[in-house]
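Here is what each chain is made of, one letter per residue.
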Amino acid sequence: MVIATMSRGDDRLAARKGQKLNMFTLCDISKKGARLWGTKCALVFGEQRTSYEQLELDVVAIASTLIKMGLEPGARVALLSENSDLYIKVMLGVMRAGCVPVPLNYRLSAQELSVIVDHAEPSLLVFDTISDILVRELQAKTSIRHWRCLDKEWQGKASFESEWAIAETATDFPVTEENDLALLVYTGGTTGQSKGVMITHRNALSAFTSQIFHFNFRPDDVACQALPLFHVAFWPTFCHLMIGATTVIVSRATPDDILQTIQREGCTNLNLVPTVYAMMLNEPRLPDYDVSSLRLLSYGGSPFPVPTLRRAIEVFGPIFAGGYGLTEAAPSVAVLGPEFHKLDDLDSHVLASAGREMSCVEVRAVTPDGRAASADEPGEIMVRGPNIMKGYWRNPELTAEKVKNGWLHTGDIGYLDTDGFIYLMDRKADMIVTGGENVYPAEVESVLLQHNAISECAVVARPHDVWGEEVCAVVVLRDGYEVTGEELRRHCKVNLAPYKTPKAIEFWSELPKSTVGKILRREIRNTIKSEK
């Protein structure tokens, strides 16, 4: 949904003159917040509290600093940091300057980050103290022009926060339109290589408005933002800023930190991946915390095992809501509301579903021959709506392959029942979801195959009680070579994030293959699961 800030007469006049229309975009969130909610608290981080008025002042100061730095509209600004209030301020300030935030996953290795940075070509990288060592490694691998540490002096330059605190306020900012690029969010691909998802202001606002409606967010809400802001999981913070609510930011999503925050701040809303909810349920001190303020617990990122979900409902009550989405949809696709999270309800079987399509999208399943699947008939899940990405950054071929006639091909196999509930059956790309993080087998396999002892390998998911899935590698050694699983794990850790490094490595004499020599992953997965 896009809201015009001009009158209809002014709108038509601007159109006749060929001027850009001053449409409501993400750049305007803090501006509108300052005007409507003033001194009300917008962000909380530790002891730091930021009002809507102060948020707008910081956003303007950051944007002014970037313009003085020489960044042109459309320039990319990479962010490498743990969650904080400064992270959100920088994101909004970057957009106000007409630039594009590029959130980076601080869990990645310097080698992995350098590939993304070389592809995105940011003019500036903003990072926090925690990322200092990683940034020094990255600095030797990339040619980024500007580097700024958020919270301390670095290489002779004052902290970025200190820099914008004394910035001379710019008097003019670029005009941003709804179809301009708002965010460049990197996500893994079926080949194991990261791809930059281009999200426009229209994409994001369409998704956020739909989420506000379906999750029934309210101005008196106090949301807990615990999931990493480098993922598209930043959506709850933006949604709550749009309606004048308060967001409490947690640096890392540990059960104890989350529970302490809920109790201290009286949080009403929380969005997590199922893995973290499972960890909270296993927290021995859970009964000691006062979480009575909670009214909505949303989840997404991976399927919620029904037995664990039922246990969560028993502990926290029927206040859960599930979301199914993907970065390319910013991320709205489907929702399973609290009304379907009742254990004694006749419709409780839908707990195994991904919910029904959100108001901003159409969802359908399509068979391999291109026919719309009938009810309960499996097919590839496809999505269409104003929230669907503009495309993949500098990859028109992949964009054309994934988005056809406005329909996004999700790569998920599933079906819709007669009531419109979506049931996911498998992931077309063999992706592994471990603790809410996506791991693509080809990426891990390419690293393993760099070891001289390995002839061939396959990486698959193995069920895990806490993480949902864990990375398991099956390898075949070259004749005459010997190597241990721990040696191979150390080899992987050099070039892969810890969550991508195989937790289990099995040695087989050969891998099952089809008649044309293709490795049969399904057989390998079935064998691994039976061993578990």
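To keep things clear, this report deals only with the structure shown in the data block. (Residues numbered from 1 in each chain as written. Predicted model: local features only at pLDDT ≥ 70, side-chain atom pairs only at ≥ 80, totals over all residues. Heavy atoms only, no water.)

Considerations on the overall build of the protein
How we decide: A run of H or I in DSSP becomes a helix once it reaches four residues, and a run of E becomes a strand once it reaches two; helices and strands are each numbered from the N terminus. C-alpha atoms define the radius of gyration, and 2.2 Å times the number of residues to the power 0.38 defines the globule rule. For every residue, the accessible area obtained with a 1.4 Å probe (protein chains only) is divided by the maximum for its type, and the residue is called buried under 20%, exposed over 50%, and partly exposed between those limits. In this analysis, two residues are considered to be in contact whenever any of their non-hydrogen atoms come within 4.5 Å of each other. For accessible areas, the Shrake-Rupley method is used with a probe of radius 1.4 Å. Any residue's cover is judged against the shown protein chains and nothing else. Under the counting rule used here, the positive set is Lys and Arg, the negative set is Asp and Glu, and His together with the chain ends is not counted. Here the site of a charge means NZ on Lys, CZ on Arg, CG on Asp, or CD on Glu.
If you tally the helices and strands in the protein, you get 16 helices and 26 strands. What you see for the protein is a C-alpha radius of gyration of 24 Å, in line with the 24 Å of a compact globule of 532 residues. Overall, the C-alpha framework of the protein stretches about 70 × 60 × 55 Å when taken along its three principal axes. Relative to its full complement of 532 residues, the protein shows a buried share of 56%. Partitioning the intrachain contacts of the protein with sequence separation of at least 6 by distance along the chain shows that 65% fall at a separation of at least 24. Total accessible area computed for the protein in this model is approximately 23000 Å², and 49% of it derives from carbon and sulfur atoms. The positive charge centre, built from 55 side chains, and the negative charge centre, built from 67, are 4 Å apart in the protein.

A word on the packing of helix α4 (residues 85–96) against helix α9 (residues 235–242)
What counts, and what does not: Working convention: axes come from line fits to C-alpha atoms, limited for helices to the stretch in contact. Angles between N-to-C directions cover 0 to 180 degrees. Working rule for angles: under 35 degrees goes down as roughly parallel, over 145 as roughly antiparallel, 65 to 115 as roughly perpendicular, anything else as oblique. Each residue gets one label: Ala, Val, Leu, Ile, Met, Phe, Trp, Tyr, Cys and Pro are nonpolar, Asp, Glu, Lys and Arg are charged, and the others, such as Gly, are polar.
With their axes 12 Å apart at the nearest point, α4 and α9 run at an angle of 70° to one another. Looking at the two axes, α4 sits roughly perpendicular to α9. Where α4 approaches α9, its residues Ile 88, Met 91, Leu 92 and Met 95 are matched on the opposing element by Thr 237, Phe 238 and Leu 241. Across the contact of α4 with α9, the residue classes break down as 6 nonpolar, 1 polar and no charged.

Observations concerning the pattern of salt bridges
This is how the line gets drawn: Definition used for salt bridges: Asp or Glu carboxyl oxygen within 4 Å of a side-chain nitrogen of Lys or Arg.
All told, the structure shown has 23 salt bridges when counted by the stated rule. With its nearest N and O atoms 3.6 Å apart, the salt bridge here joins Arg 202 to Glu 178. Here the residue Arg 202 occupies a position in helix α8 (residues 201–214), and Glu 178 occupies one in the loop between α7 (160–165) and β7 (181–188), the gap between them amounting to 24 residues. Taking the relative accessible area as the measure of exposure, Arg 202 reaches 35% and is therefore partly exposed. Notably, a salt bridge pairs Glu 328 with Lys 195, separated by 3.9 Å at the nearest N-O pair. In this pair, Glu 328 is assigned in the loop between β13 (320–325) and β14 (332–336) and Lys 195 in strand β8 (residues 194–200), connecting sequence segments 133 residues apart. By relative accessible area, Lys 195 is classed as buried at 11%. Put simply, Arg 49, Arg 264 and Glu 265 are held in one network by salt bridges that share partners.

Description of α4
Counted only if it meets this: In this scheme, a helix's expected span is set at 1.5 Å multiplied by one less than its residue total. What qualifies as a polar contact is a pair of N or O atoms within 3.5 Å, subject to a donor-acceptor requirement within protein and to the restriction that residues adjacent in sequence count only when both atoms come from side chains.
When the terminal C-alpha atoms of α4 are compared, their 17 Å separation across 12 residues agrees well with the 16 Å that a helix rising 1.5 Å per residue should span. Counted residue by residue, α4 has 12 buried out of 12 residues, so it is predominantly covered. All buried positions along α4 are accounted for by Asp 85, Leu 86, Tyr 87, Ile 88, Lys 89, Val 90, Met 91, Leu 92, Gly 93, Val 94, Met 95 and Arg 96. The opening residue of α4, the one whose side-chain oxygen lies 3.3 Å from the backbone nitrogen of Leu 86, is Ser 84. The positive-phi residue at the C-terminal boundary of α4 is Gly 98, with phi of around 80°.

A closer look at the environment of Leu 43
Mapped onto the fold, Leu 43 is located in strand β1 (residues 41–45). For Leu 43 and Thr 142, which are 99 residues apart along the polypeptide, the C-alpha to C-alpha distance reads 33 Å. In this structure, Leu 43 is in contact with Gln 48, Arg 49, Thr 50, Leu 55, Asp 85, Ile 88, Thr 237, Leu 241, Thr 247 and Ile 249, ignoring residues within four places of it in sequence.

A look at the pairing of strand β6 (residues 146–149)
Selection criterion: A pair of strands is considered paired only if DSSP assigns at least 2 bridges between the two.
Neither face of β6 is left uncovered, since the one carrying His 146 and Arg 148 and the one carrying Trp 147 and Cys 149 both have all their residues buried. Strand direction decides the pairing type here: strand β5 (residues 124–127) and β6, joined by 4 bridges, are parallel. Looking across to β6, one finds that Phe 127 is bridged to Cys 149.

By themselves, these are just geometric observations and shouldn't be taken as functional.
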